[in-house]
Amino acid sequence: MPIDDKKAVEAVEEGKDSPRIQHHLETGGAPLDQVASATSGGSRTLWRDAWYRLSRNKLAVAALVYLAIVGILAVTAPLWATRLFGDPLFVDTTTVMKTRFLAPSLSHPMGTDDFGRDTFARLVYGARISLTVGIVATFISVVLGLIFGAISGYYGGMVDSVVMRLTDVFLAFPYILLAILLISLMGMGLGPVLAAIGILGWTTIARVFRSSILSVKENDYVEAARAMGASDARIMIKHILPNALAPIIVYATMSLGGVILTEAALSFLGVGIQPPTPSWGRMLNEAQGYIVTHPALFIWPGIAIISTVLAFVLLGDGLRDALDVKVNE
Amino acid sequence: MAEDLLVVDDLKMYFYTRDGVVKAVDGVSYTLNSGETLGVVGESGSGKSVTALTIMRLIPEPPGKVVGGDVRFRGESLIAMNDEEIRKIRGNRIAMVFQDPMTSLNPVYRIGRQIAEPLILHKGMSKAEAHARAIELLELVGIPHPKSRVRDYPHQLSGGMRQRVMIAMALANDPDILIADEPTTALDVTIQAQILELMEELQKRMGSAIILITHDLGVVADMADNIMVMYAGRPVEYGTVDELFYEPFHPYTWGLIDSLPEYAVDEKGTLCPIKGQPPSLINVPSGCAFHPRCPFAQDICFTDVPQFLDIKGTHGAACHFAGEDGFTRGEACPVERPATAQAAEGVAS
Amino acid sequence: MLQYIARRVLQFIPVFLGVTLLLFVLTRVIPGDPVAMMSGQRTQSPVILQQMRHAYGLDLPLPQQYVKYLGDILRGDFGTSITTGRPVRDIFVEKYPYTVRLALAAIIIEIIVGIGAGVISAVKQYSFWDVMVTLSTSLLVSLPVFWLGMLLQMFFGIWLKQWTHGQFYLPMSGAGGPGAPFPSWVYLILPAITLASVSTAYAARIQRSQLLEVSGSDYIRTARAKGLSDTAVLWRHSMKNALIPVVTFIALDLGAMMSGAILTETVFNWPGIGYTIFLSINKRDWPVVIGATIIVTFVFLVINLLVDISYAFLDPRIRYGSSQER
C-alpha cells in the first residue's frame, strides 16, 4: 500500500481513540497518573482518566455528593414529604392561624411559612422544580446548540454567517427581558419556563461546538474518514462529537447553575412558576412582604439556591480541570 | 592576567515541587573571561538554561532554591546580592537573549520603546536620547530602514528580525556578558547562520563575553572558544573547541558528535542517534547519570558518581574511564567500538 | 484596521434588523387583538375598531406592516402607551437617565473593586487574600442578584435602623427626589452595590486569571532580564496586556446594565427603564414593552460595536494587521 493510504487507515483506526486522547496520554500529568496507567494496564480512555482526576478534586466531589443528596430528596419527595411535614401546597384554612410562622422544631425543621406550610418540605419540592428546569432546559439548549453549531461549523461560508448573526440577535436582547416576553406569549407555568430558558440558551453551546468542529475539521483523521467514504453525518458523530463533548459537558454543567438562577428570577418576578407550586424563586417572592418580621422566610430559599448553584459551578470547575478543557469564547 | 569575569563555582539549583526535588543544576563550575565565548551544550532538561537563568537570578524562589555553590561576577557574588543590586546588573552588565523571539517581545509595545527601556532604566537617558540610540542599535544589528522600523510592533517583524531586535535590546547598555539561550533554535536554518554571524561580529566590536547555550554542537563549533557539555544537571565534559572535537573524552560527547550529520562517518552513511531519553531530574539514575544510555557502561557506572576531573590541562570530563588508553571516539558509531582493552578482546573473539 | 471596523459595522445592520424583526413577530403573535387592547376596557363598535385598525395600518399585509414599523422606528416613533396614552419615546426619555445613573455607579464599583481584587489576588497568589477572593467570587456568582438586594435591604434598610434607633440607615426603595429624607445619590448606594456584585465577581476572576497567565509569558521574563523592578514589570508590562480582556468585559457589562437591570430595579423600586418595562408587561402595555426594548437593544448593540472597535485600538496586533514584511 502506498504510504499515504497506510497513514490514512492508521488515522481512521486511531480515530476511535482519537489523537487528542493520545496527546493527552503523552503529556502525562503527575506521576500518579503514570502509576494508575501501569496498574490498570490496557487502554486508558479519556473518561476514566478524567474520572480519576475529578475524584481527587475535593470540592468537586463534595459538590457532586451534595447534588446527589438533593436529587434523591427531590425525586423521592412525594413518598415522604406530606406524611412527615404536611402538604406543602395545600393550605388548611382552619388551622392556618395557629400553624403559620412557627419556629424551627422537630416536626418542622425550618419552621413554617405564612400559610402554615412546612418550609423544608416546600424547599424539597422547590428542588424538584429547579432540578427539572435545570436539566430539561439545559438539554433543550444543548440539542439546539449542537444542531446549529453543527450546521454552522460544518458547512461554513454563508450558512455559518447566517447562524452567527442569529446568535448575535439572540444575544442582543437583555436575557431576562426576552425570557419574560417569551413566557408572556406562552402563558405562565412550568412548560413555558422550560421552553423559554431552553430556547435562549443555545447560543453559547452552538459557538463552542462550532469552534470544536472548526479546529478539528482540518485534521488528518477527518480527511482520512472522508476519503474512505464516510458520510458527513457519520464523520460528525463518530469523530468530531467525542472531542467536542468535553467542553460542552463542562459548559452545560456550569450553565445548569445559571438556569436555576434564571428560573428563580422569573418566578420571583411572578412570571415563572405559579402558586401554589413552590419554586425557590416563588418562595422568595412571597417572602418579600415579611422581610422585617420573619426574615427566615427569605433566608432559607436563598441558601437553597446558592448552595445548589454553587455546587454546579464547583462541579463544572472540577470537570473542566479533569477533562483538561480550555473553553475560549 | 585578565580578571576572571564570571566564575560559576559548584552551583546547585534545585526545584522543590509536589512530585519531588528536581535537581536541575547539580554542581556546575566554569569560568568566563572577557571577550571569550563559552558554548554550553546539552539536551533539553540538561540544566543548561536553568544555569544561565540562575546566574541572572531569574528563577522564582519558590519553587527554586540555590542550595549550594556561588556565582561571582568580577569577584562579587551574584547569589548573595539583594533584589536592588541584581537588578542593576540585569540588562546592564549581564544581558540575556531568549529562545523564542515571537513570544519574548511584549506584543503591545513598539520595538523602539522596548529597546529604549533598558537605556532609560540603567543609563538614565531621556526618552528622546534613548529613542535615537535605539535607532542606532537597530542599524547595528542589521535591520534595514531603522528609522521607520523603530515604530513597528513585534508582530510586524519576521522571526529573524525579531531576534535581531532582542540582540539590540540586550546589547543596548554594552554589557560585559551576553547570555544567549538557544538564540537560533526557533529560526529557519538560513536565518540561524545570519544571527550567529551577527553575534560574532558584534562581539568583536563590543568586546563582550558570550555564553552561548544550545543543544546543537554544530552551532558552537564555529563561535565558541570553550565548550561545556552538560547532562542531567551536571557537567560531563569541558574543554576548548578543538580539544572537544578532536579528542573528546566522554561517551555522551561522542554521541553528540555522532549525531551531527557532518561527523557521522560510517560506510553506510547512517546517522547514529544516542538511544534512550533524557533522564527525569527527580529520579536521577544512580551512579553516572548517563549510564542507562551509555554503550560502555560497566558495573561501576551503576554505583559510583564519576567525579569531574581535569585530564589534559583544563580539558576534563566526568567519566570513570575518561582518558584511559583506547577509550576514544574512533571513526564509526559506538556499537562497534570496545570500551576498554578487555572488552576489545571480548569483541574480537 | 479600517477593514475590521467596516466589517463590524456591516455586521451590526443585519443584527439590528433581526432584532426588530423578532420583536415585530412577537407583537403580531401576542394573543389578543391589539386594537381591542388599545381601546382598553370599553368595547367599541366594530366600525370604530376597523377605523383604528386602518389608522394603525393593521389591515395591511404583514411585510408591509413590518416596513411601516421600521419606518416609524427610524423616525423615532415608538408607539404610544396604552395605559397612559403618552408616547413611548417620552416615557423612555424620562426613565432612562435613572438606569444610566445606576449603571454608571455600578460600573465604577466594578472597575475599582473588580480590578483591584483581581490584581491583588494574582500578585499574592495563594495568600489569605487570594483564597478569600476566590471563595467570595465563587459565592457571588452563585447568588441570585435579587436575593442579594433583599439581603442588603434587610441589613441596611431595616436592621441598621433598628440598631441605631432610627438614626442611621440607608434607603431601600425608590430614587429619592424633592422632599425626600436623603440626597439623591444616597439612594443609589444599595442598588448600585447589588447590581455590581455579580459582575464584580466575574471581573475579579477574569482579571486574576489574565494576570496569572500573562505573568508566565516569555516577554515578562525578558522584562525582568532587563533589570526592571517587580512593580514596573507588573504595571508597565503585565497589566497592559492583562487589562485588555478585562476592560472589554467591563465595557460589555456596561452595555448590559444600560439595557435596564430589571431585577435590581424591581427589588429597589428604582424608576429606571427596566422597572418600567416590567410594570408594563404586567399591565399588558405592549407598545411600551416593545418600544422600550427596541431602544434598549439598540443601545446595547451600539455599545458592543464601540467595544469591538476600541479593541482594535487597544491591541496593536489588530490595529496594524498581521505580520508582514514591508
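Residues numbered from 1 in each chain as written. Chains lettered and ligands numbered in written order. Predicted model: local features only at pLDDT ≥ 70, side-chain atom pairs only at ≥ 80, totals over all residues.

Visitor: Whenever I open this one, the overall build of chain B confuses me. Can you help?
Guide: Summing up its helical and strand segments, chain B has 13 helices and 12 strands in all. Looking at chain B as a whole, 46% of its 349 residues qualify as buried. Counting only contacts in chain B whose residues sit at least 6 apart along the sequence, the fraction spanning at least 24 positions is 62%. (Helix = DSSP H or I, 4+ residues; strand = E, 2+ residues; numbered from the N terminus. Buried ≥ 20, exposed ≤ 12 C-beta atoms within 10 Å, placed from the backbone. Contact = placed C-beta atoms within 7 Å.)

Visitor: Can you walk me through the overall build of chain C in this structure?
Guide: Scanning chain C from terminus to terminus reveals 14 helices and 0 strands. Tracing chain C from N to C terminus, the helices and strands come up as α-α-α-α-α-α-α-α-α-α-α-α-α-α. Here the C-alpha coordinates of chain C stretch approximately 85 × 70 × 30 Å along the principal axes. Looking at the 326 residues of chain C, the share that counts as buried comes to 38%. Of the contacts made within chain C by residues no fewer than 6 positions apart, 71% connect residues no fewer than 24 positions apart.

Visitor: Help me understand the interface of chain A and chain C, please; the structure alone is not making it clear to me.
Guide: A common way to express how large an interface is: the accessible area buried when the components associate. Across the contact, 30 residues belong to chain A and 34 residues belong to chain C. At the level of secondary structure, the elements contributing two or more residues to the side of chain A that touches chain C comprise α8 (157–172), α9 (175–186), α13 (232–269) and α15 (296–323) of chain A. Element by element, the count of residues in the side of chain A that touches chain C is highest for α15(A), at 7 residues. A breakdown of the residues in the side of chain A that touches chain C according to their chemical character gives 24 nonpolar, 4 polar and 2 charged. (Nonpolar A, V, L, I, M, F, W, Y, C, P; charged D, E, K, R; others polar.)

Visitor: What is the right way to look at the confidence of the model for chain C in this model?
Guide: Residues and elements named next belong to chain C. With 90% of its residues at a pLDDT of 70 or more, chain C has an overall mean of 84. Taken element by element, chain C is modelled with least confidence in helix α2 (residues 34–38), mean pLDDT 57, and with most confidence in helix α9 (residues 218–225), mean pLDDT 93. Among the scores for the predicted complex, ipTM is 0.82 and pTM is 0.79. (pLDDT = per-residue confidence, 0-100.)

Visitor: What's the story with the sheet that holds strand β5 (residues 76–77) of chain B in this structure? I'm lost.
Guide: Sheet strands line up and pair through hydrogen bonds in the backbone, either parallel or antiparallel. Residue and element names in this part refer to chain B. Taken together, the 4 strands give an open sheet; going across it, the order is β2-β1-β4-β5, and neighbouring strands pair in antiparallel fashion. Looking along the sheet, the strands with just one partner apiece sit at the ends: β2 (20–32) and β5. Taken together, the 8 bridges between strand β1 (residues 6–17) and strand β4 (residues 64–73) define a ladder with antiparallel strand orientation. Paired with Y14 across the bridge in β4 is K65. (Pairing = 2+ DSSP bridges.)

Visitor: Which parts of the structure should I look at to understand the domain arrangement of chain B?
Guide: Residues and elements named next belong to chain B. By the assigned domains, chain B splits into domain 1 (4–229) and domain 2 (248–348). Its C-alpha centre places domain 1 at a distance of 31 Å from the equivalent point of domain 2. The interface of domain 1 with domain 2 comprises 14 residues on the first partner and 10 residues on the second. Counting residues per element, the ones that place at least two in the side of domain 1 that touches domain 2 are β2 and α9 (217–223). The leading source of residues in the side of domain 1 that touches domain 2 is β2, at 5 residues. Tallied by class, residues from the side of domain 1 that touches domain 2 come to 6 nonpolar, 5 polar and 3 charged. (Domains from an automatic or database assignment.)

Visitor: I tried to follow the sheet that holds strand β11 (residues 309–312) of chain B on my own but got confused; where do I start?
Guide: Residues and elements named next belong to chain B. Strand order across the open sheet formed by 8 strands is β6-β7-β8-β3-β9-β10-β12-β11, with mixed pairing between neighbours. Since the sheet does not close on itself, it has two edges, and those belong to β6 (94–97) and β11, each with one partner. Each strand axis lies, on average, 20° off the axis of its neighbour in the sheet, ignoring direction. Relative to strand β10 (residues 234–240), strand β9 (residues 226–231) runs antiparallel, the two sharing 6 bridges. By the bridge assignment, M228 is partnered in β10 with Y238. On the sheet, helix α1 (residues 48–55) packs against β3 (37–41), β7 (177–181), β8 (209–214) and β9 and is oriented at approximately 145° with respect to β8. (Axes fitted to C-alpha atoms, helices over the stretch in contact; angles between N-to-C directions.)

Visitor: Teacher, can you tell me more about unusual backbone geometry here?
Guide: Across residues other than glycine, the phi torsion is negative in most instances, and most of the peptide bonds are trans. All names here are of chain B. Backbone torsion omega between P62 and P63 reads 0°, so that peptide bond is classified as cis. Residue placement: P63 occurs in the loop between α1 and β4. Here D10, not a glycine, exhibits a phi torsion of approximately 50°, which is positive. For D10, the position within the fold is in strand β1. Positive phi, normally seen in glycine, also occurs at D174, with a value near 55°. Looking at the secondary structure, you find D174 in the loop between α7 (159–171) and β7.

Visitor: Teacher, can you tell me more about the pairing of β10(B) here?
Guide: Along any regular strand the residues' side chains alternate between the sheet's two faces. Residues and elements named next belong to chain B. Counting buried positions along β10 yields 6 of 7 residues, so the element is predominantly enclosed. Connecting the antiparallel pair β9 and β10 is a turn made up of 2 residues, with A232 showing a positive phi of about 50°. Where β10 meets strand β12 (residues 315–317), 2 bridges bridge the pair, whose relative direction is antiparallel. Looking at β12, one finds that E237 is bridged to A317.

Visitor: Would you mind showing me how to read the packing of helix α7 (residues 119–155) of chain A against α8(A) here?
Guide: What describes two packed helices is the angle between their axes and the distance between those same axes. All names here are of chain A. For the pair α7 and α8, the least separation of the axes is 7 Å and the interaxial angle reads 140°. Relative to α8, the crossing made by α7 is left-handed. Of the residues in α8, those in contact with F148, I151, S152 and Y155 of α7 are G157, V159, D160, V163 and M164. Across the contact of α7 with α8, the residue classes break down as 6 nonpolar, 2 polar and 1 charged. (Left-handed = near helix turned anticlockwise from the far one by under 90°.)

Visitor: How should helix α4 (residues 62–75) of chain C be read in this particular structure?
Guide: Because an α-helix completes one turn every 3.6 residues, residues spaced three or four positions apart along the sequence face the same direction. Here α4(C) spans 20 Å end to end across 14 residues, near enough to the 20 Å set by a 1.5 Å rise per residue. Little of α4(C) is tucked away: 1 of the 14 residues are buried. (Expected span 1.5 Å × (residues − 1).)

Visitor: Teacher, can you tell me more about the environment of M102(B) here?
Guide: Residues and elements named next belong to chain B. With respect to the helices and strands, the residue M102 is situated in helix α3 (residues 101–104). Under the C-beta neighbour-count criterion, M102 is labelled partly exposed, with 17 such atoms within 10 Å. In this structure the C-alpha to C-alpha distance between M102 and L157, which are 55 residues apart in sequence, comes to 9.2 Å. Not counting residues within four places of it along the chain, the set of residues in contact with M102 comprises G159, R162 and A186.

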